[in-house]
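# Descriptive analysis of the structure
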Amino acid sequence: MDFQSRILNHFNASIDTKTYASEVLPPFIEVASQMMVQCLVNEGKVLACGNGGSAGDSQHFSSELLNRFERERPSLPALALTTDTSTLTSIANDYSYNEVFSKQIRALGQPGDVLLAISTSGNSANIVQAIQAAHDRDMTVVALTGRDGGDMASLLGQDDCEIRVPATSTARIQEVHLLVIHCLCDLIDEQLFGSAN
Ligand SMILES: O=C(CO)[C@@H](O)[C@H](O)[C@H](O)[C@H](O)COP(=O)(O)O
Ligand SMILES: [Zn+2]
């Protein structure tokens, strides 16, 4: 297959995945946005974590809350747990990579905070442990997953919300995760700061 055909295949697969996701995800995205708004109104914060591309997604989300999305408004409290290399390397070195997020959550998480846990497979052990730590801290969890939801899906409780992308390719799932993150940012701004076009 020539390169341009490969590129076209990627575009078409991404479009198809997003079209299918648009038929199933909106109710879950709405609920997740309401959970985050409730948390922020009650002076809570959103902690976010993920590995690889999903680490980037965590940072993308937290920067849009802390700084801005598409309108002028006050900064909102969010923190990506993926950025402090001293903390990440010392926890991984002294304990285990599986604990790099959970130890931060046990220190920083407060009751009423929300954890945004991102994994395309739903099986990353450090994300699973992050969810367990969040529950121990009386936090709720918004989980962005894919495939069959993996181990994360079975850990979630009725106060949590899973947004599971109906796809199997990591890249395609990540592309929808980013769209979901932008939907969450828009809905949070809309609920907290009123109508904008
Ligand atoms: O971005 C990509 C692949 O598109 C990779 O960096 C990917 O995020 C990494 O392999 C992650 O470790 C995958 O973890 P997960 O999504 O299964 O939790
Ligand atoms: Zn990627």
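The protein chain is annotated in an unreviewed UniProt entry as Phosphoheptose isomerase of Vreelandella andesensis. Among the UniProt annotations of the protein chain, the heading Subcellular location (unreviewed entry) holds the following wording: "Cytoplasm".

## Concerning the overall build of the protein chain
The number of helices and strands found in the protein chain is 8 helices and 5 strands. Start at the N end of the protein chain and walk to the C end: the helices and strands fall as α-α-β-α-β-α-α-β-α-β-α-β-α. Radius of gyration (C-alpha) of the protein chain: 17 Å, near the 16 Å computed for a compact globule of 197 residues. In terms of overall dimensions, the protein chain has a C-alpha envelope of 50 × 45 × 30 Å along the principal axes. When the accessible surface of the protein chain is split by element, carbon and sulfur atoms take 50% of a total near 9,800 Å². In the protein chain, the 12 positive side-chain charges and the 24 negative ones have mean positions that sit 3 Å from each other.

## Considerations on the environment of cysteine 185
With respect to the element layout, cysteine 185 can be found in helix H8 (residues 170-193). A relative accessible area of 1% means that cysteine 185 is categorised as buried. For the pair cysteine 185 and threonine 87, spaced 98 residues apart in sequence, the C-alpha separation works out to 28 Å. With residues up to four places along the chain from it excluded, the contact list for cysteine 185 reads Phe61, Glu64, Leu65 and Phe69.

## Topic: the UniProt feature "binding site: substrate" (unreviewed entry) in the protein chain
Listed under "binding site: substrate" (unreviewed entry) in the UniProt record, and renumbered for this structure, are Asn51, Gly52, Gly53, Glu64, Asn93, Asp94, Ser119, Thr120, Ser121, Ser124 and Gln174. These annotated residues cover 124 residues of sequence, and their C-alpha atoms reach 32.4 Å apart at the extremes, leaving them scattered rather than at a single site. With respect to the helices and strands, the residue asparagine 93 is situated in helix H4 (residues 85-94). Taking relative accessible area as the criterion, asparagine 93 reaches 66% and is therefore assigned exposed. Tracing the backbone through its elements, the reader meets serine 121 in the loop between strand E3 (114-118) and helix H6 (125-136). Judged by relative accessible area, serine 121 falls into the buried class, the value being 16%. Leaving out residues up to four positions away in the same chain, serine 121 has contacts with Gly146, Arg147, Asp148, Gly149 and Gly150.

## Considering the site of ligand 1
In the neighbourhood of ligand 1, the contacting residues comprise Asn51, Gly52, Gly53, Ser119, Thr120, Ser121, Ser124, Thr170 and Gln174. Between an oxygen atom of ligand 1 and a main-chain N or O atom of asparagine 51, the distance comes to 3.3 Å. Note that an oxygen atom of ligand 1 is positioned 2.7 Å from one of the side-chain N or O atoms of threonine 120. In the complex, 61% of the free accessible area of ligand 1, which totals 450 Å², lies under the protein chains. Classifying every residue of the shell around ligand 1 gives no nonpolar, 9 polar and no charged.

## Quick word on the sheet that holds strand E5 (residues 161-165)
On the basis of which strands lie adjacent, the open sheet formed by 5 strands has the order E2-E1-E3-E4-E5 and parallel pairing. Only two strands of the sheet have a single neighbouring strand rather than two, namely strand E2 (78-80) and E5. Within this sheet the neighbouring strands show an average axis-to-axis angle of 15°, counted without direction. As paired strands, E3 and strand E4 (residues 140-146) are joined by 5 bridges and run parallel to one another. When the sheet's bridge partners are listed, isoleucine 118 is paired in E4 with leucine 144. Lying on the sheet, helix H2 (residues 26-41) is in contact with strand E1 (46-50), E3, E4 and E5; it crosses E5 at an angle near 140°.

Reading guide: rules and limits
Residues numbered from 1 in each chain as written. Chains lettered and ligands numbered in written order. Predicted model: local features only at pLDDT ≥ 70, side-chain atom pairs only at ≥ 80, totals over all residues. Heavy atoms only, no water. UniProt positions renumbered as here; feature names shortened; annotations may be inferred. Helix = DSSP H or I, 4+ residues; strand = E, 2+ residues; numbered from the N terminus. Rg over C-alpha atoms; globule rule 2.2 N^0.38 Å. Areas by Shrake-Rupley, 256 points an atom, 1.4 Å probe, with all protein chains shown as cover. Lys, Arg positive; Asp, Glu negative; His and termini not counted. Charge placed at Lys NZ, Arg CZ, Asp CG, Glu CD. Buried < 20%, exposed > 50% of the residue type's maximum accessible area, 1.4 Å probe, protein only. Contact = heavy atoms within 4.5 Å. Near = heavy atom within 4 Å. Polar contact = N/O pair within 3.5 Å; in protein donor to acceptor, adjacent residues only side chain to side chain. Nonpolar A, V, L, I, M, F, W, Y, C, P; charged D, E, K, R; others polar. Pairing = 2+ DSSP bridges. Axes fitted to C-alpha atoms, helices over the stretch in contact; angles between N-to-C directions.

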